[in-house]
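Summary of structural features
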Amino acid sequence: MASLGSVLLALAFLAAVTAGVVALVWRRDERKLVLSRRIVYLFAALVTACVAIIEIEFLADNFSFKIVQEHSSLETPTFYKVAAMWSSQEGSLLLWALVLAIFSSAALFFTRNKLRQLVPWATGVMMGIAAFFTGLMLFAPGVDPFAKLNPAPSDGIGLNPLLQHPSMMIHPPMLYSGYVALTIPFAFAIGALVTRRVDAEWIRATRKFALIAWTFLGFGLLLGARWSYTELGWGGYWAWDPVENAALMPWLLCTAFLHSIMVQEKRGMLKVWNATLVVASFSMALLGTFLVRSGVLQSIHAFGDSTVGPYILGLIGVVVLGSTALIISRLDELRTPKRIDSLISREAVFLVNNLLLVGLTLVIAWGTFFPLISELFTGSKSSLAAPWFDRYTTPLAILLVLFTGIGPLLAWRRVSWSTARRAFRVPLAAMAIVTVALALFTDAGNKPWALALFAFATFAIVGIGQEFWNGAAGRKRLTGEPMGKALAGIVGRNRRRYGGYIVHVGVAVLLIGIAASSSFQTNRNVELKPGESTVIDGRKVTYVRPTAEVDGLRLSIGAVLRVVEGGKEFTVEPMRNYYRPTGREGVGGIVDYFDGEADSEIGLKAGFGHDFWTANQPNIVGLQRKAKTAEEGFEKCIEAVPGTPKSCKDVRALMIAARANPALQDDALAQIERLQELTAKQIAASYVKEGAPTQFKVIINPLVTWMWIGGLIALAGALIAIWPSRGRRKGALVRTETDALKEAKYREIRDAELDHAAGKLSDEDYALLDAELRKEAVEMLDELERAQNGGGAKVGAEANGHHNGDGNGADPVAELEKVERS
Amino acid sequence: MPLVDPSRKRKIRLVVALSTAVLLAVALIYTSFSASTEAKEPSQILTASPGTTYDMTGRVVKGSIVDNGKEGISFMVVDRTGGGEELPVSYSGTVPDPFRGGREIVLTGSLKGGTFVGEPETLITKCPSKFTTQSNG
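What follows is about the overall build of chain B. The helix and strand inventory of chain B stands at two helices and eight strands. Starting at the N terminus and walking to the C terminus, you meet the elements of chain B as α-β-α-β-β-β-β-β-β-β. Split into buried and exposed, the 137 residues of chain B put 33% on the buried side. By sequence separation, contacts in chain B at least 24 residues apart represent 46% of the contacts at least 6 residues apart.

When you go through chain A residue by residue, the secondary structure sums to 28 helices and 11 strands. Looking at chain A as a whole, 50% of its 822 residues are labelled buried. Residue pairs at least 24 apart in sequence account for 75% of intrachain contacts in chain A once pairs closer than 6 positions are excluded.

For helix H7 (residues 166-181) of chain A, built from 16 residues, the straight-helix expectation of 22 Å at 1.5 Å per residue is met to within 8% by its first-to-last C-alpha distance of 23 Å. Counting buried positions along H7(A) yields 13 of 16 residues, so the element is predominantly enclosed.

Let's shift gears to unusual backbone geometry. All names here are of chain A. A cis amide bond links Asn150 to the next residue, Pro151, at an omega of 0 degrees. Looking at the element boundaries, Pro151 is found in the loop between helix H6 (118-139) and H7. Even without being a glycine, Trp240 presents a positive backbone phi close to 55 degrees. Along the chain, Trp240 falls in the loop between helix H9 (201-231) and helix H10 (242-267). Even without being a glycine, Leu270 presents a positive backbone phi close to 60 degrees. Among the secondary structure elements, Leu270 is positioned in the loop between H10 and helix H11 (271-294). Under the C-beta neighbour-count criterion, Leu270 is labelled buried, with 24 such atoms within 10 Å.

So, on to helix H1 (residues 6-35) of chain B. Across its 30 residues, H1(B) extends 43 Å between first and last C-alpha, which sits within 8% of the 44 Å expected from 1.5 Å per residue. Summarising burial for H1(B): one of the 30 residues are buried, a small minority.

Here the focus is the domain arrangement of chain A. Residue and element names in this part refer to chain A. When its domains are assigned, chain A resolves into domain 1 (1-160), domain 2 (522-704) and domain 3 (734-821). Taking only C-alpha atoms, the centre of domain 1 and the centre of domain 2 are 42 Å apart. Contacts between the two partners involve seven residues from domain 1, matched on the other side by four residues from domain 2. Of the residues assigned to the side of domain 1 that touches domain 2, the class counts are one nonpolar, four polar and two charged.

As a further point, take the nonpolar core. Residue and element names in this part refer to chain A. Ranked by internal contacts, the top residues of the largest apolar core, which has 206 residues, are Phe43, Ala130, Val401 and Leu511. No other element matches H9, which puts 18 residues into this core. Apart from residues lying up to four places away in sequence, Leu511 is in contact with Ala397, Val401, Leu453 and Ala457.

A few words now on the packing of helix H17 (residues 448-479) of chain A against helix H19 (residues 495-519) of chain A. A packed helix pair is summarised by two numbers, namely the angle formed by the two axes and the spacing between the axes. Residue and element names in this part refer to chain A. Packing of H17 against H19 leaves a shortest axis separation of 9 Å and a crossing angle of 160 degrees. On the basis of the axis angle, H17 is roughly antiparallel to H19. Seen from above, H17 lies across H19 with left-handed handedness. Counting all contacts with H17, which are made through Ala450, Leu453, Phe454, Ala457, Ala460, Ile461, Ile464 and Glu467, the residues of H19 involved are Tyr501, His504, Val505, Ala508, Leu511, Ile512, Ala515, Ala516 and Ser519. Here the residues of the contact of H17 with H19 sort into 14 nonpolar, two polar and one charged.

This next bit is on the sheet that holds strand E10 (residues 610-618) of chain A. Residues and elements named next belong to chain A. Here four strands make up an open sheet; going across it, the order is E2-E11-E10-E9 and the pairing antiparallel. Of all the strands in the sheet, just strand E2 (522-528) and strand E9 (603-605) have a single pairing partner and so form its edges. The mean angle between the axes of side-by-side strands here comes to 15 degrees, regardless of whether they run parallel or antiparallel. For E2 and strand E11 (residues 694-702), the ladder comprises seven bridges, and the chain directions are antiparallel. Bridge pairing links Val526 to Phe696 in E11.

All names here are of chain B. Sheet analysis places strand E2 (residues 53-60) next to strand E6 (residues 104-112), joined by seven bridges and oriented antiparallel. In the strand pairing of E6, Thr53 is matched with Ser110. Here E6 pairs with strand E8 (residues 124-125) via two bridges, running antiparallel. Pairing of Ile105 across the sheet is with Thr125, part of E8. Here four bridges tie E6 to strand E7 (residues 115-118), and the two strands are oriented antiparallel to one another. Note that in E7 the partner of Leu111 across the bridge is Phe116.

Our focus in this paragraph is the domain arrangement of chain B. Segmentation of chain B into domains returns domain 1 (1-36) and domain 2 (38-125). The straight-line distance from the C-alpha centre of domain 1 of chain B to that of domain 2 of chain B is 44 Å.

This brings us to the environment of A:Ala84. By the secondary structure assignment, A:Ala84 is in the loop between helix H4 (78-83) and helix H5 (89-110). Exposure remark for A:Ala84: the 27 C-beta atoms within 10 Å place this residue in the buried category.

It is worth spelling out the confidence of the model for chain A at this point. Predicted confidence across chain A gives a mean pLDDT of 84, with 89% of residues reaching 70 or more. Residue range residues 729-735 of chain A is modelled with pLDDT below 50. Its contacts to residues more than four positions away, or to other chains, number three contacts.

Looking now at the pairing of E10(A). Residue and element names in this part refer to chain A. E10 sits mainly inside the fold: nine of its nine residues count as buried. What you see with E10 is no split at all: His610, Phe612, Thr614, Asn616 and Pro618 on one side and Asp611, Trp613, Ala615 and Gln617 on the other are buried throughout. Where E9 and E10 come together, three bridges link them in antiparallel fashion. Bridge assignment links Leu604 to a residue of E10, and that residue is Trp613. Between E9 and E10, which pair antiparallel in sequence order, lie four residues. Bridge count for E10 against E11 is nine bridges, and the pairing is antiparallel. Each residue of the ladder has a partner; that of Phe612, found in E11, is Ile700.

This part takes up the packing of helix H1 (residues 2-25) of chain A against H6(A). Residues and elements named next belong to chain A. Between H1 and H6, the least distance of the axes is 8 Å, while the angle of their chain directions is 160 degrees. Classified by the angle between their axes, H1 and H6 sit roughly antiparallel to one another. The way H1 lies across H6 gives a crossing that is left-handed. Contacts between H1 and H6 involve Leu9, Ala10, Ala12, Phe13, Ala16, Val17, Ala19, Gly20, Ala23 and Leu24 from the first element and Pro120, Thr123, Gly124, Met127, Gly128, Ala130, Ala131, Thr134, Gly135, Met137 and Leu138 from the second. Considered class by class, the residues forming the contact of H1 with H6 number 15 nonpolar, six polar and no charged.

Quick look at the confidence of the model for chain B now. Residues and elements named next belong to chain B. Averaged over chain B, the pLDDT score is 79; the fraction of residues at 70 or greater is 89%. Across chain B, the secondary-structure element scoring lowest on mean pLDDT is E8, at 78, and the one scoring highest is strand E5 (residues 87-91), at 91. The low-confidence segment residues 129-137, where pLDDT is below 50, has 24 contacts with residues more than four positions distant or belonging to other chains. Across the assembled chains, the prediction reports ipTM 0.79 with pTM 0.86.

Conventions and cut-offs
Residues numbered from 1 in each chain as written. Chains lettered and ligands numbered in written order. Predicted model: local features only at pLDDT ≥ 70, side-chain atom pairs only at ≥ 80, totals over all residues. Helix = DSSP H or I, 4+ residues; strand = E, 2+ residues; numbered from the N terminus. Buried ≥ 20, exposed ≤ 12 C-beta atoms within 10 Å, placed from the backbone. Contact = placed C-beta atoms within 7 Å. Expected span 1.5 Å × (residues − 1). Domains from an automatic or database assignment. Nonpolar A, V, L, I, M, F, W, Y, C, P; charged D, E, K, R; others polar. Core = buried A, V, L, I, M, F, W, Y, C linked by C-beta atoms within 7 Å. Axes fitted to C-alpha atoms, helices over the stretch in contact; angles between N-to-C directions. Parallel < 35°, antiparallel > 145°, perpendicular 65-115°, else oblique. Left-handed = near helix turned anticlockwise from the far one by under 90°. Pairing = 2+ DSSP bridges. pLDDT = per-residue confidence, 0-100.

The structure is reproduced here in structure tokens:
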């Protein structure tokens with residue numbers, strides 16, 4: 001199987017190279033292009049087969065595979081056997097290749113009828129990167145997923161128990177998928193730049209992938225935070241650790257990109273900016289992968305010395321330098337004479353939001369790489385801690401929330417003061433009321449930053465609520481539908497816009513959770529004996545009794561705490577687990593329980609108001625001492641020193657027999673392990689009886705639940721935006737570039753109509769804008785018709801730019817509407 | 001009619017934006033150098049000036065961890081490569097799950113009377129390497 005795997009991997013590498021070369025060399029040959037696309041599908045199939053082989057070996061406990069031996073064991077639960085692949089470096093690379101193969105195939109499938117000039121270059125870029133990652137596995141030392149061990153050990157080392165947590169198993173592939181999905185917009189952007197087709201067509205074709213990347217990265221970040229909060233006995237969810245930052249930075253840039261591409265789509269502006277952003281996002285994603293593996297920066301996520309770091313750094317260098325050179329050489333095409341009409345317009349707000357997001361990214365990047373920067377200037381590595389990050393990110397995040405609220409209230413192009421005032425009235429009033437109430441009745445008044453965030457978040461949430469209300473009311477007026485149906489109607493017809501609004505609400509809610517839990521948290525370390533009580537933040541906390549249990553490889557020391565909170569009573573049971581290391585030859589001693597890994601199961605009482613979070617840190621000195629004594633007794637027993645019980649003699653007899661007859665060895669080892677477990681159980685029981693004092697970490701975390709809720713709301717919004725529209729689902733096969741252009745223009749007209757109906761555009765503004773848009777549509781259709789008759793290839797670029805064609809008799813807008821409705 | 005012509009207005013706007021950006025960048029750079037703590041390995045800390053705060057990055061010596069109950073824990077560290085003289089460390093506060101002998105840690109603190117005293121809640125233990133090249137048995 002291993003040699004089959006290696007052959008498949010080598011074939012996959014060849015397929016990636018061939019697909020890229022065929023696409024680039026015969027880029028004008030339609031048939032060759034189809035061929036190259038099919039080779040990409042073949043590449044996907046080959047990589048899938050490689051992954052399947054590895055997974056089968058994991059499930060079959062084939063420890064002759066190095067990857068299986070090092071990351072799984074006989075005791076590893078089946079679920080984690082499946083997921084253990086990506087806890088290895090070579091498995092991660094394989095996963096990277098698989099995700100890239102899937103996304104590339106999907107992207108090429110969806111663009112098979114359009115972007116004719118651009119696709120060969122995009123194929124080249126995607127397959128170049130695919131060849132890089134498959135090539136790493138084939139040629140770089142130490143990362144061959146099909147490496148064998150000879151002779152094969154009888155058991156594996158197993159998966160670290162800390163990582164045996166459902167969210168830890170989904171978290172890495174989520175982040176990976178996010179990183180990898182960014183390849184697609186990047187590849188198409190490069191294609192657009194090379195072929196000088198820098199209109200919004202490549203954006204329309206790939207923005208779904210940017211949105212998918214955003215969603216995956218966001219979900220990955222959220223899962224990581226959740227894991228940290230519930231699984232590590234630390235109680236925090238974010239630490240500004242380099243590896244965390246490495247996932248946050250591409251996500252922030254991707255957020256900026258998703259906003260600024262709308263400006264390019266609608267107004268044909270910000271082309272240089274968008275090209276730069278997509279390159280930066282992708283480079284940041286690569287940098288994240290590099291950071292995770294290089295060990296260049298001190299991080300909690302230390303993944304050991306890696307052999308692939310330098311190669312990835314090389315790839316980043318090529319990507320950054322190559323793309324920069326390309327953008328500079330295309331500056332003339334990218335520049336547009338267009339300007340933003342008004343500072344009170346949606347595009348202006350998008351610009352501000354972009355600056356804030358990029359500013360945030362720059363701050364985080366500076367802080368993350370500061371150890372390297374300071375080493376360069378001062379000769380010693382200095383690092384920046386969380387307070388430094390907080391100082392800069394807090395105000396930026398607060399401003400972002402404000403703009404999260406302002407953006408949706410403004411229409412494209414221009415808004416008159418009177419309309420703006422009307423749109424802002426209710427949200428501003430709500431903001432004022434909430435701010436005053438919070439300042440008067442809570443201690444939020446002492447924390448100006450938190451108060452500002454609550455105020456702006458209220459503004460954003462109420463503003464977006466108003467958007468939904470007005471939109472539905474507008475549609476109700478136009479169609480006569482009841483309110484509920486009208487609401488569903490506006491969301492269904494404009495998933496992208498309303499999905500985006502829902503994301504805004506989610507982010508505002510999430511930031512409320514972060515602000516409240518970080519500013520108003522009570523964090524205490526207490527030492528209690530069983531039966532003792534203490535009062536923490538008005539809650540009476542009693543350490544009722546210790547618990548202890550041994551289950552095979554795990555020794556758990558727990559505590560039962562009773563909490564009385566405002567007349568209500570509940571118990572929490574934090575627990576600390578100690579694991580014996582697996583995968584060693586023979587058996588170790590009882591003390592091994594404290595030599596292996598340990599993890600916490602926190603006691604958590606979550607609520608909408610606040611979480612009661614607790615972790616225990618038992619004093620294990622006594623336990624270790626007892627284990628050592630037991631160990632000595634055990635050894636004596638095995639040596640059958642006079643005076644030991646009879647069972648000792650039996651074990652000894654078995655051991656002597658086993659030494660002579662290897663067939664009995666397993667039996668003897670199992671016997672010893674069972675005896676050790678029994679002894680460990682006695683030790684655990686004596687710990688409970690002894691009633692030693694235990695350290696507890698108690699956190700009372702206000703509103704932290706809203707962080708998770710907000711995150712889920714944002715994800716739901718993103719999914720709504722990703723979901724294909726009805727027209728696409730039905731007629732996806734016949735869509736061409738022309739159709740896409742028509743649809744985009746029509747959507748703009750419809751948006752304006754909706755904005756007007758929702759009261760966001762005054763009658764006067766609307767009349768002006770509508771006339772302008774219709775004129776543009778007429779011009780565009782003329783252009784298209786001429787192109788179809790004349791067979792020109794420059795349709796896209798021209799139709800989106802400025803020109804002076806004049807509309808003629810027929811009503812192309814009605815035509816457009818027909819296209820849209822059919 | 002606008003008082004200033006549009007191109008001039010744009011120029012002013014650009015200048016204002018750029019100078020704000022420059023000011024912010026200067027503040028960022030300045031604070032980062034003053035707020036940062038220098039990272040040192042145990043062998044360097046032994047010869048460093050007492051009282052200065054450092055980020056100590058070292059490896060916990062196996063079997064050196066002593067639990068002092070209320071007073072927290074004490075242990076010895078050596079350089080990450082495993083060499084050099086041992087530095088005694090005392091720390092009270094939350095001990096991360098993966099903390100144990102042989103692991104790499106980062107701890108902020110200062111040297112007091114020959115012992116490196118860690119500040120509470122600053123102990124970071126590196127995750128048991130997911131991507132180690134050798135087994136961690």
